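Here's the letter readout for the chains.
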Amino acid sequence: MPTLLIVENEPELLRAVRIRLTAAGFTCEAARNGREALEMVERVHPDLIIVDLLMPEIDGYELCRRLRSEPRTTSIPIIVLSAVPQHAIDRRKDPLEAARVLHKPFDSQELVNAVRELVGPLTSGGRHG
Amino acid sequence: MATPISVLLFEDDEGQALLTKEALEKEGFLVDVAYTGRAGLDRLLTKDYSAHLIDRQLPDIPGIEVLRRIATIKPKAISIIVTGHGDEQAAVEAMKLGASDYVIKSPYMGHLAALPVVIRESLERRQLKHDREELQTELWEHARLLEERNAELRRANEELKRVDQLKSDLVSMVSHELRTPLATIKEFTAILIDEIAGPVTTDQQEYLGIIKGNIDRLSRIIDDLLDMAKIEAGRVILTKAMVHVGPLLEQAVQSLRPLAESRRIALALQVPADAPGVLADGDKIMQVLVNLVSNAIKYTNGQGRVTIGIEEQTNEVQFNVTDTGVGIASEDLPKLFEKFQRFHRTAENGIAKGTGLGLAISKRLVELHGGRIWAASTAGKGSTFSFTLPKYHVEEVFREYIRAGMEEAKRKRTHLSTIILSVDKFQELKALYGLEETSRLLKDLEVVTRDTVRRGAGDVVVRWQRGEMVVVLAEVEKAGAQAIAERIKRIVEAKTFHVNGRAVVVSLAIATVTYPEEATSEDEMLRMTEHRLQGGEKARMRVMVVDDEPKIRQFLKEALEMREYEVLTAASGPDALEQLTHERVDLILLDVMMPVMNGYEVYHLLKETPQTAGVPVIIITAKGERKDRELGLDSASYNYIAKPFQLEDLLAKVRDVLQQQQSAKL
């Protein structure tokens, strides 16, 4: 089964996303901020990372940047889940290197579809199987 | 009459005092005499004088000292020192101490005649100085006030900026703080609805559906609030481009068709095939259209109809969204576009409710484009929401096409060509059939042209009221553009058009401009295309008539102007050459027999000057006076006409030469 890493500092939202994606057939791991996420990535080797933007310690922008600059993590697809409006994201000097940006409150089906598209069909039982 | 000038004279010599007093009083001065310094100074305690005349040598106090004291107690008065011969040095000294002037006594009292003038001038100087000082003070005061006001403004401005920042921080903070809990609620609701957490009864499904509907509404309100805050903070920047009205409306209708179908509302689009373009921010106009159309669908019940149409007016394009719904009470119409106004138009259950901001946002977006928005309604019969967008002049549209085309061409490192087509004798056609009929002819021509160039997106035809069209061809090089231009010409000229029931055959003049071969920048592209456009029209042709005979100049000028040429005249060769350093002409009519510099000399100079070397010249000679061969002129390179000529012959020659020049440019 593909493994997803969900990085979200709002524990209840984290829980909801986790329930939804587990029900959709994914193995879910969770981190509450960017620093934790970077540690987890080494351990769980996720197939995809879902990232909130505004988080304490290392925020979503920084996390994406670090994941992209590290050869071992550079090809892991990222979905950003954000409460920050698109125009505010566009205004930043450094582009957000995410495969997809979903805005809160997002549509669950849209999220599941995006994950499925990015990790591929659920037949082979994950990339690390 | 002006008040007499009062003078106090310090003079110990009685005779001189008397003479001076008399001389001054004759000139209208009022004079008091003090025979000693002390007496004079005492008098100053009780009386003010405009001027003081002080003899340098007084018995008690030296004149210089009197001067010094007056300067101290009456700083604004003038004092003039009177000295004896050979005492100039002392006089200069006195000036340094504050005397306004000095007068040197002459033995025969000749200086008395000068005194009134000296006093008056001194007073005038004093007044001037005083005025200057006052002005200076006033200026300083102004500067100080200005500086104070500036400081206030700066403070107010900073405060405004701070408040503005606070407001936008607040809005984005609130929106962020609301979105995250909303996302959590929405997620758990969806988990329940999708029965991930276990089975849900039918009733529970319905209630969860209501929750979901309200979550969606709340998130739309947040979006609208953010939009509104952005608009009000002046932070919405329109990204204008040419927007084709047809496809835009099509797209709006497509996106709302599911909503209309779910409500069984018929959605009709009435857009003419030749709908104009507008220069607008497509996304923003889309937002307005979606808002108006979705409102219309929502407030129309069962079996209704929503029609979207446009009306092209002289200066604007009007969009109309008409429904067959419940209508709006007339007293509510003016308040419709205010924030958070919702009226007695209740949508049926299960229909997504509005945010109360949609129309207010639409209004502001339309106004940002320079348009207007309004509603008209008949209760029970339905409403029409209309808005306008300013239509742009063809010139502006044309510029916009070129700008966008050039941007694309530069980015892709490819070509951009324009084809300029102009209908021969368009002015005559217009005069013959009227504006309306000829406009129709142009429209037909446009259709033919469009059909001929059709090769995908990026090719555009602009209709010009002067009988001209420009085709902008993306990624087409020179040879390609010329081939297409010739094809258009061939097809158009082989066709028979109908104007006012009569068959008309049209002939076209064609020209092309290509980037980067010819035009190297957007500016050049515009200039060259525009120039070639104008070149196609006779009315814009400029002809210079060079003749020393005023009657002939006038005759030719009138004859040419009647045929819509623009005419410049020069009375001599040097006059012509001078004018041509700053005037551009398309043709020069040059008389040979002129004093100062004859026509042949002028011709040579014209050909030697780069700006005029390419301008065709028609030389006017007397019969049997042709000397071109003798002068080494190649007769093929210039044109001549011999006097006396028939006006028709000259005009035909002018037309021929200009046409040759035109086709040589192609």
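Basis of the calculations
Residues numbered from 1 in each chain as written. Chains lettered and ligands numbered in written order. Predicted model: local features only at pLDDT ≥ 70, side-chain atom pairs only at ≥ 80, totals over all residues. Heavy atoms only, no water. Helix = DSSP H or I, 4+ residues; strand = E, 2+ residues; numbered from the N terminus. Buried < 20%, exposed > 50% of the residue type's maximum accessible area, 1.4 Å probe, protein only. Contact = heavy atoms within 4.5 Å. Areas by Shrake-Rupley, 256 points an atom, 1.4 Å probe, with all protein chains shown as cover. Phe/Tyr/Trp six-rings, centres within 6.5 Å; stacked < 30°, edge-to-face > 60°. pLDDT = per-residue confidence, 0-100. Pairing = 2+ DSSP bridges. Right-handed = clockwise from strand over helix to strand, strands pointing away. Axes fitted to C-alpha atoms, helices over the stretch in contact; angles between N-to-C directions. Patch = residues over 30% accessible without salt bridge, like charges linked within 9 Å, V, L, I, M, F, W, Y side chains within 5 Å. Salt bridge = Lys/Arg side-chain N within 4 Å of Asp/Glu carboxyl O.

A. Spotlight on the overall build of chain B. When you go through chain B residue by residue, the secondary structure sums to 18 helices and 23 strands. Here chain B holds 666 residues, and 43% of them are scored as buried. Long-range pairs, those at least 24 residues apart, make up 66% of the contacts in chain B with a sequence separation of at least 6. Carbon and sulfur atoms form 53% of the exposed surface of chain B, whose accessible area is close to 35,400 Å².

B. Main features of the packing of aromatic side chains. All names here are of chain B. The tally for this structure, following the rule as stated, stands at two aromatic pairs over all chains. A ring pair is formed by Phe337 and Phe385, whose centres lie 6.2 Å apart and whose planes are at 70 degrees; its orientation type is edge-to-face. One end of the pair, Phe337, is in the loop between strand E10 (316-323) and helix H9 (358-368); the other, Phe385, is in strand E12 (residues 382-390), with 48 residues separating them in the sequence. Each member of the pair, Phe337 as well as Phe385, carries the same accessibility label: buried.

C. Broad picture of the confidence of the model for chain B. Chain-level statistics for chain B give a pLDDT mean of 83 and a share of 90% at 70 or above. In the predicted complex, the global pTM is 0.49; the interface-specific ipTM is 0.87.

D. Region of the structure containing the pairing of strand E15 (residues 468-474) of chain B. All names here are of chain B. In terms of burial, E15 is largely enclosed, as six of its seven residues are buried. Both strand E13 (residues 416-423) and E15 contribute to a ladder of seven bridges, which runs antiparallel. Each residue of the ladder has a partner; that of Ser422, found in E15, is Glu468.

E. Seen up close, the pairing of strand E1 (residues 3-7) of chain A. Residues and elements named next belong to chain A. Counting buried positions along E1 gives five out of five residues, so the element sits mostly inside the fold. Here E1 shows two buried faces, one formed by Thr3, Leu5 and Val7 and the other by Leu4 and Ile6. As for the winding sense of the linkage, the β-α-β connection from E1 through helix H1 (residues 11-23) to strand E2 (residues 27-31) is right-handed. In this sheet, strand E3 (residues 48-52) lies alongside E1 in parallel orientation, the contact comprising four bridges. Opposite Val7, over in E3, you have Val51 as the bridge partner.

F. Structural detail: the sheet that holds E3 of chain A. Residue and element names in this part refer to chain A. Strand order in the open sheet formed by five strands is E2-E1-E3-E4-E5, and the pairing between neighbours is parallel. Of all the strands in the sheet, just E2 and strand E5 (100-103) have a single pairing partner and so form its edges. Averaged over all neighbouring strand pairs, the angle between strand axes comes to 20 degrees, with direction disregarded.

G. A nonpolar patch on the surface, seen in detail. Residue and element names in this part refer to chain B. Nonpolar side chains collect at one region of the surface, where Leu170, Met173, Val174 and Leu178 lie side by side and expose about 330 Å² of accessible area between them. Residue placement: Leu170 occurs in helix H5 (residues 115-193). Leu170 gets classed as partly exposed once you look at its relative accessible area, which sits at 49%.

H. Molecular detail of the environment of Gln482 of chain B. Checked against the element boundaries, Gln482 of chain B lands in helix H12 (residues 478-494). For the pair Gln482 of chain B and Thr418 of chain B, spaced 64 residues apart in sequence, the C-alpha to C-alpha distance is 9.5 Å.

I. Summary view of the pattern of salt bridges. Residues and elements named next belong to chain B. Overall, the coordinates contain 42 salt bridges over all chains when judged by the stated rule. Here Asp216 makes a salt bridge to Lys212, at a shortest N to O gap of 3.2 Å. Here Asp216 pairs with Lys212, and both are found in helix H6 (residues 202-232), just four residues apart, close to one helical turn. With a closest N to O distance of 3.3 Å, Glu475 and Lys412 form a salt bridge. Taken together, the positions of Glu475 in the loop between E15 and H12 and Lys412 in helix H10 (residues 394-412) put the pair 63 residues apart, joining distant regions of the chain. Residue classification places Glu475 among the partly exposed residues on the basis of a relative accessible area of 46%. With relative accessibility at 42%, the residue Lys412 sits in the partly exposed group.

J. Geometry of the sheet that holds strand E22 (residues 617-622) of chain B. Residue and element names in this part refer to chain B. Spatial strand order, E20-E19-E21-E22-E23: five strands in an open sheet with parallel pairing. A strand with exactly one partner marks an edge of an open sheet, and here the two such strands are strand E20 (566-570) and strand E23 (639-643). Sheet twist, expressed as the mean angle between neighbouring strand axes with direction ignored, is 20 degrees. The pairing of strand E19 (residues 542-546) with strand E21 (residues 587-591) spans four bridges and is parallel. Directly across from Met544, in E21, lies its bridge partner Ile588. Of the strands in this sheet, E21 and E22 are in contact with helix H16 (residues 599-608), which crosses E22 at around 170 degrees.

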